[in-house]
Amino acid sequence: MSASRHHHHTIATSLRLSTLAIVLCAGTVLAQTAQSPEPDWQAEGNAWWAHVQFLASDDLRGRDTGSDGYRRAAEYVAKQFADAGLQPAGSNGFLQPIDFDVRRIDEDNSSLSLERAGKTEALKLGPDATLRVSGDPAPTTRAQAVFVGYGFAVPEMGYNELADVDLRGKIAVYLTGGPANIPGPLKAHYQSSEQRWAALQKAGAIGIATIGNPKNSDIPWERASLARLQPSMSLADPKMKTPGPRFFASINPAQADKWFAESGHTIAELLAIADKNEVLPKFPLKVTVHAKVEVVRAKVSSPNVIGVLPGSDVKLRGEYVVISAHLDHIGVGLPINGDSIYNGAMDNASGVASLIEVAKHLKAAGIHLRRSILFAAVTAEEKGDLGSEYFAHHPTVPQKQIVADLNMDMFLPLFRLQYLEVQGLDESTLGDDVRAVAEKEKVIIQADKEPDRNRFIRSDQYSFVKIGVPALAFKFGWIKGTEEEKIFQDWIRTRYHAPSDDIDQPVDTPAAAHFDHLLLLLATRVADADARPTWKPTSFFKRFAQ
């Protein structure tokens, strides 16, 4: 899809803290601020947008991990990092190459059917269900199925939906979501793919079939199912291989009654129970699942791009504040409205553009922070946060010296920056830091308004959290019932993981510049603090730091 002229909304802002002067006092570097006239948000936003235009151009063909388009994007970012005065911090200059195993389903030679009372019903791959190859699927599967409610366990709360269910040799069918009384962070962690599969496998399951609750699904089934032909990847490093289920399917909620026939239950009943936050029943299904999965395998290499701005404090410059964003998107796929290039402008050329602009602003201001700032444009986020996971376990700086991660993934500057939603807000002292800088910018901080969408564990910050590093992620916020909410939700419904997330969409570029400034202030505050960030005593995630 060709790009047309870009339009933006206008943005009114108050005076900002635009320059950060560094003053040496008794051997300590102190960040001082000076007020200046209202900045030219438009010009700064245009500079940010120029990076998005290149990275999300049709020429780069969606920056799929391992593709030539991704390689060109990585080269661009490495040059921008060098121009911003960053030092190379990869394993090969600015690059940290990573090897991946690739699996793509051969749908023409694969099949899925349900056998009931001696009769077999073939399911249509796409309209009825999809076969997923994110694990290492068995070539053939024949197994009974059991509905296991939400299908996960939370030991801390004595919650275990698998305790009294016979799953030995069977396929666990579950509804996404979870009880409202389980705190969002706990629920999100135990619903992560590795934690959920570990619990189901321990209970004896050989495979899983998921039913997305439409109420909490980002993408309608008709569009989500188009991704079934996209390649799945895993880290080739043998020490980081995690075997997945031998059978993995997603069920179209509108067709789920084909699985529930003669069980005494319907999908409408189960969704109603979930909506009332009542306990979901668990019961065997009256079907035997038959599957044939043909997989085409390959290998690719794709790099993280990493640069560092060294700190100035003799004692603290060996510690690192990471600012991260994923550079990959999902490449070329099945067309929507005649367009097959999934450009990934907001997801996540926008975040990488902010990485570049924050680095350049630091250079322009001549700022030398006490701690070092590590800028990481990571690969394979769309394949399961693999690039950041690899970096977290093979860091190019000492792992224990990484003190924080500030991650940008699809922060969505679709309207002016009045509210900023922060995922991980109450988990660590980073939440106090972002509140402090936002107050100066007259931006109101919001906690995650949609915890059932599990966003805190669905991007690269979670790779850092799992090695004990406090982290935050961001979205432009809104108030329920406002035009901003409508714009946000319409974007998720129509542009998220669609070709229309391109450079021909309305974006508030001055608001993006305002966000970049707030991010710079946040990184400065964390890098110049006497103490490194710590987990709050009440945080579930503090266990990973021990």
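Everything quoted here is computed from the prediction, not taken from an experiment.

Trainee: Before we move on, can you summarise the overall build of the protein chain with the specific residues and values?
Mentor: Each helix and strand counted, the protein chain has 13 helices and 24 strands in total. Looking at the protein chain as a whole, 58% of its 546 residues are labelled buried. Here the analysis covers contacts within the protein chain between residues at least 6 apart in sequence; of these, 83% occur between residues at least 24 apart. For the protein chain, the computed accessible surface area is about 22000 Å², with 52% contributed by carbon and sulfur atoms. Measuring between centres, the 59 positive side-chain charges of the protein chain sit 4 Å from its 66 negative side-chain charges.

Trainee: Now, about the sheet that holds strand β12 (residues 207–211): what can you tell me, with residues and values included?
Mentor: Strands sit in the order β6-β5-β15-β8-β11-β12-β14-β7 across an open sheet of 8 strands; the sheet is mixed. Of all strands in the sheet, those bounded by a partner on one side alone are β6 (119–122) and β7 (129–131). Strand-to-strand twist of the sheet, defined as the mean angle between neighbouring strand axes without regard to direction, takes the value 25°. Of the pairings in the sheet, the one linking strand β5 (residues 111–116) to strand β15 (residues 283–292) comprises 5 bridges and is antiparallel in character. Residue pairing for β15: Glu-115 is matched across the bridge by Thr-288. Helix-sheet contacts for helix α7 (residues 267–275) involve β8 (140–147), β11 (171–175), β12 and β15, and the interaxial angle to β11 is about 55°.

Trainee: Lay out the pairing of strand β22 (residues 419–423) with the relevant residues and their values.
Mentor: Taking burial as the measure, the 5 residues of β22 include 5 buried ones, the bulk of the element. In β22, alternate side chains face the same way, and those of Tyr-419, Glu-421 and Gln-423 on one face and Leu-420 and Val-422 on the other are all buried. Note: β22 against strand β23 (residues 444–446), 3 bridges, orientation parallel. Of the residues in β23, the one forming a bridge with Leu-420 is Ile-445.

Trainee: Go over unusual backbone geometry, please, and point to the residues and values.
Mentor: Cis geometry is found at the peptide bond from Asp-347 to Asn-348, where omega equals 10°. By the secondary structure assignment, Asn-348 is in helix α8 (residues 345–365). Non-glycine residue Glu-262 carries a positive phi angle of around 65°.

Trainee: Tell me about the pattern of salt bridges, and please be specific about residues and values.
Mentor: Tallied over the full model, the rule gives 31 salt bridges. The partner of Lys-466 in a salt bridge is Glu-194, with the nearest N and O atoms 2.8 Å apart. Taken together, the positions of Lys-466 in the loop between α11 (461–465) and β24 (471–476) and Glu-194 in helix α4 (residues 193–202) put the pair 272 residues apart, joining distant regions of the chain. Given a relative accessible area of 36%, Glu-194 falls into the partly exposed group. Each member of the salt-bridge network shares a partner with another, and the members are Asp-218, Glu-450, Arg-455 and Arg-458.

Trainee: Now, about the confidence of the model for the protein chain: what can you tell me, with residues and values included?
Mentor: In this model, the protein chain carries an average pLDDT of 91, and 93% of its residues clear a pLDDT of 70 or more. When the criterion is pLDDT under 50, residues 1–36 qualifies, and its contacts beyond four places in sequence or with other chains add up to 89 contacts.

Trainee: Which residues make up the packing of aromatic side chains, and what values do they have?
Mentor: Per the stated rule, a full pass over the model turns up 23 aromatic pairs. Ring centres of Phe-411 and Phe-476 lie 6.0 Å apart, and the angle between their planes is 35°; this geometry places the pair in the tilted category. Here Phe-411 is found in the loop between β21 (402–408) and β22, whereas its partner Phe-476 is found in strand β24, with 65 residues between them in sequence. With a relative accessible area of 0%, Phe-411 lands in the buried category. When the ring of Phe-540 is compared with that of Phe-544, the centres are 6.2 Å apart and the planes differ by 90°; the resulting orientation is edge-to-face. Overall, Phe-540 belongs to the buried group, its relative accessible area being 8%. The ring centre of Trp-478 lies 4.4 Å from the NZ or CZ of Lys-449, which sits over that ring.

Trainee: Tell me about the pairing of β21, residues and numbers included.
Mentor: Counted residue by residue, β21 has 7 buried out of 7 residues, so it is predominantly covered. As paired elements, strand β17 (residues 320–326) and β21 share 6 bridges and run parallel to each other. Bridge pairing in β21 links Tyr-320 to Ile-402. Strand direction decides the pairing type here: β21 and β24, joined by 3 bridges, are parallel.

Trainee: Now, about the packing of helix α1 (residues 41–55) against α8: what can you tell me, with residues and values included?
Mentor: Angle between the axes and distance between the axes are the two parameters that describe a pair of packed helices. The geometry of α1 relative to α8 is characterised by a closest axis approach of 8 Å and an angle of 130° between their N-to-C directions. As summarised for this structure, α1 and α8 are arranged oblique, according to the angle between their axes. Note on packing geometry: the crossing formed by α1 with α8 is right-handed. Judged by residue contacts, Glu-44, Ala-47, Trp-48, Trp-49, His-51, Val-52 and Leu-55 of α1 engage Ala-345, Met-346, Ala-349, Ser-350, Val-352, Ala-353, Ser-354, Ile-356, Glu-357, Lys-360 and His-361 from α8.

Trainee: Help me get a handle on the nonpolar core, residues and values and all.
Mentor: Counting 78 residues, the largest nonpolar core has Leu-327, Phe-375, Leu-420 and Phe-474 as its most contacted members. Counting residues per element, this core draws most heavily on helix α13 (residues 509–528), at 11 residues. Ranked by size, the runner-up nonpolar core spans 50 residues in total, among them Ile-105, Ala-143, Ile-251 and Ala-291.

Reading guide: rules and limits
- Residue positions are given per chain, counted from 1 along the sequence in the order it is written.
- For this predicted model, a pLDDT threshold of at least 70 governs which residues receive local features, and a threshold of 80 or more governs which side-chain atom pairs are given and counted, while totals over whole chains, interfaces and linings are taken from all residues.
- Side-chain figures throughout are based on the complete set of non-hydrogen atoms in the structure, without hydrogens or water.
- Counting from the N terminus, the helices are DSSP H or I runs at least four residues long and the strands are E runs at least two residues long.
- Under the scheme applied here, a residue whose accessible area is under 20% of the maximum for its type counts as buried, over 50% as exposed, and between as partly exposed, the area being computed with a 1.4 Å probe on protein chains only.
- Here a residue-residue contact requires only that any non-hydrogen atoms of the pair lie within 4.5 Å.
- Only the protein chains shown count as cover for residues, and the accessible areas themselves come from Shrake-Rupley with a 1.4 Å probe.
- Counted as positive: Lys and Arg. Counted as negative: Asp and Glu. His and the chain ends are not counted at all.
- Lysine's charge is taken at NZ, arginine's at CZ, aspartate's at CG and glutamate's at CD.
- Note: two strands are recorded as paired if DSSP finds a minimum of 2 bridges between them.
- Only the stretch in contact is used when fitting a helix axis, every axis being a line fitted to C-alpha atoms; angles between N-to-C directions are given from 0 to 180 degrees.
- Salt bridges are defined by distance alone: a side-chain nitrogen of Lys or Arg within 4 Å of a carboxyl oxygen of Asp or Glu.
- pLDDT measures how confident the predictor is about each residue, on a scale from 0 to 100.
- Any Phe, Tyr or Trp ring, taking Trp's six-membered ring, that has another such ring centre within 6.5 Å forms a pair; planes under 30 degrees apart are called stacked, those over 60 apart edge-to-face, and the others tilted.
- The criterion for a charge sitting over a ring is simple: Lys NZ or Arg CZ within 6 Å of the ring centre, and within 35 degrees of the ring normal.
- Note that the term roughly parallel is reserved for angles under 35 degrees, roughly antiparallel for angles over 145, roughly perpendicular for angles of 65 to 115, and oblique for everything else.
- Left-handed describes a crossing whose near helix is turned anticlockwise from the far helix by less than a right angle; the clockwise case is right-handed.
- Residue types Ala, Val, Leu, Ile, Met, Phe, Trp, Tyr and Cys, when buried and joined through side-chain atoms within 4.5 Å, form a set referred to as a nonpolar core.

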